[in-house]
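Each chain, written out:
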Amino acid sequence: MKFSKYHALGNDYLVLDTADRAEPYIGKDCVIACHRNYGLGSDGILFGPLPCPDADFGLRIFNPDASEAEKSGNGLRIFAKYLFDTGKVTSKPFTVRVPGGKVTCTVSPGGKTIEVEMGKVSFRSDVIPVRLSGEPREVLNETLELKGRAFRYAAATVGNPHAVFPMDSVSPELVREFGPLIENHPIFPNRTNVQFLQVLDRSNIRIEIWERGAGYTLASGSSSSAAAAVARRLGLVDANLTVHMPGGQIGIKLSDQFDVHMTGPATRVGEFHLDESCLREDVAL
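Quick summary incoming for the structure in this document.

Procedures and definitions
- Residues numbered from 1 in each chain as written.
- Predicted model: local features only at pLDDT ≥ 70, side-chain atom pairs only at ≥ 80, totals over all residues.
- Heavy atoms only, no water.
- Salt bridge = Lys/Arg side-chain N within 4 Å of Asp/Glu carboxyl O.
- Helix = DSSP H or I, 4+ residues; strand = E, 2+ residues; numbered from the N terminus.
- Buried < 20%, exposed > 50% of the residue type's maximum accessible area, 1.4 Å probe, protein only.
- Phe/Tyr/Trp six-rings, centres within 6.5 Å; stacked < 30°, edge-to-face > 60°.
- Core = buried A, V, L, I, M, F, W, Y, C linked by side-chain atoms within 4.5 Å.
- Contact = heavy atoms within 4.5 Å.
- 1 Å grid on protein atoms, 1.4 Å probe; cavity = no way out; pocket = protein on both sides within 12 Å on 5 of 7 lines; lining within 4 Å.
- Points joined across faces, edges and corners; volume = space filled by probe spheres on them.
- Nonpolar A, V, L, I, M, F, W, Y, C, P; charged D, E, K, R; others polar.

1. Considerations on the pattern of salt bridges
Part 1 of the reasoning: Applying the stated rule across the entire model yields 19 salt bridges.
Part 2 of the reasoning: Of the charged contacts, one joins R36 and D43 as a salt bridge, the two residues approaching to 3.2 Å between their closest N and O atoms.
Part 3 of the reasoning: In this structure, the salt-bridge partner of D259 is K120, at a minimum N-O distance of 3.3 Å. On the criterion of sequence distance, the pair formed by D259 in strand β17 (residues 259-265) and K120 in strand β8 (residues 113-120) is long-range, its members being 139 residues apart.
Part 4 of the reasoning: For D259, a relative accessible area of 26% puts it in the partly exposed group.
Part 5 of the reasoning: Taken together, the shared-partner salt bridges connect K5, D12, R36 and D43 into one network.

What follows is the structure, given as structure tokens:
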């Protein structure tokens, strides 16, 4: 089976075109295809383009644990670049429908960068969702205890859930230790993506990311959007931000109503063929 592989600042996806396969890889087949030892290796699979009544294209996004993501900023940029590279779109804006909502994408002339209108951020506990005691409210200054340590956090959704932890400093080791505990904490009924956030100045933030269903991640567009929105909602930054991640930088612009415009690159790695006999092997996952 043919895949096109792309990365967005080190966050890599396999694109499976519906013209080549009518159904996505699900369950164990998805896990093996994404596995970096037993398969092609990726942070997920993008399955599309799909017909959609209210958008130019539909897209499904699968994590490497075979769960399905509502939205992925990097995945959307990669899919937009794939559509551009295969001649399905030009530099004119077009729309993509994912389970987390409809977005508008614009590929720059030459395809170097992609802008995605990610939609409106909500901080409401009943929308994200987050299980909190008391009445539904914006999740902006809550406490979560882990391993005897109290963390302050905020939460947001841009079509998928995020928990953002403002810190004086952040590190890969910190998010690797606590990210799995937060992702699967019972207060997040749909699990959650995790960002540890450091504000560098009014125009720059740094994040370390633990992605739901994928683990430690070099970069994430939806995580950048959520972390920037939380920092703005807390009054820590201005509306135009650069988000710094281990894999590189993404530009975020926020409206007064917390609509998010994300701009960043996507890079084609190459075309790969998966021998489906590997899916039938008995491997330890």
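2. Focus on the packing of aromatic side chains
Part 1 of the reasoning: Under the defined criterion, the tally for this structure stands at 10 aromatic pairs.
Part 2 of the reasoning: On the numbers, 6.3 Å between centres and 85° between planes, the contact of Y6 with Y82 is edge-to-face. Here the residue Y6 occupies a position in strand β1 (residues 2-8), and Y82 occupies one in helix α2 (residues 73-85), the gap between them amounting to 76 residues.
Part 3 of the reasoning: Seen in terms of ring centroids, F57 and F94 are 5.9 Å apart; in terms of plane orientation they differ by 90°. Their pairing is edge-to-face. Residue F57 is found in strand β4 (residues 57-62), and its partner F94 is found in strand β6 (residues 94-98); the two are separated by 37 residues along the sequence.
Part 4 of the reasoning: By relative accessible area, which is 4% here, F94 ends up buried.
Part 5 of the reasoning: Three or more aromatic residues joined by ring pairs form one cluster here, namely F151, Y153, F165, F178, F188 and F196.

3. Structural notes on the nonpolar core
Part 1 of the reasoning: One finds F94, V96 and I205 to be the most contacted residues of the largest nonpolar core, which totals 55 residues.
Part 2 of the reasoning: Discounting chain neighbours no more than four positions away, the residues touching V96 are A55, F57, L59, L76, F79, G101, K102, V103 and C105.
Part 3 of the reasoning: By size, the runner-up hydrophobic cluster in this structure holds 22 residues, among which are Y153, A163, I182 and W210.

4. Thoughts on empty space enclosed by the protein
Part 1 of the reasoning: Using the criterion set out here, one finds 1 cavity of 30 Å³ or more in the structure.
Part 2 of the reasoning: In this model, the largest cavity occupies a volume close to 70 Å³.
Part 3 of the reasoning: Around the largest cavity sit Y13, N63, A69, K71, S72, N160, N193, E211, R212 and S222, which together line it.
Part 4 of the reasoning: Taken together, the residues of the lining of the largest cavity sort by class into 2 nonpolar, 5 polar and 3 charged.

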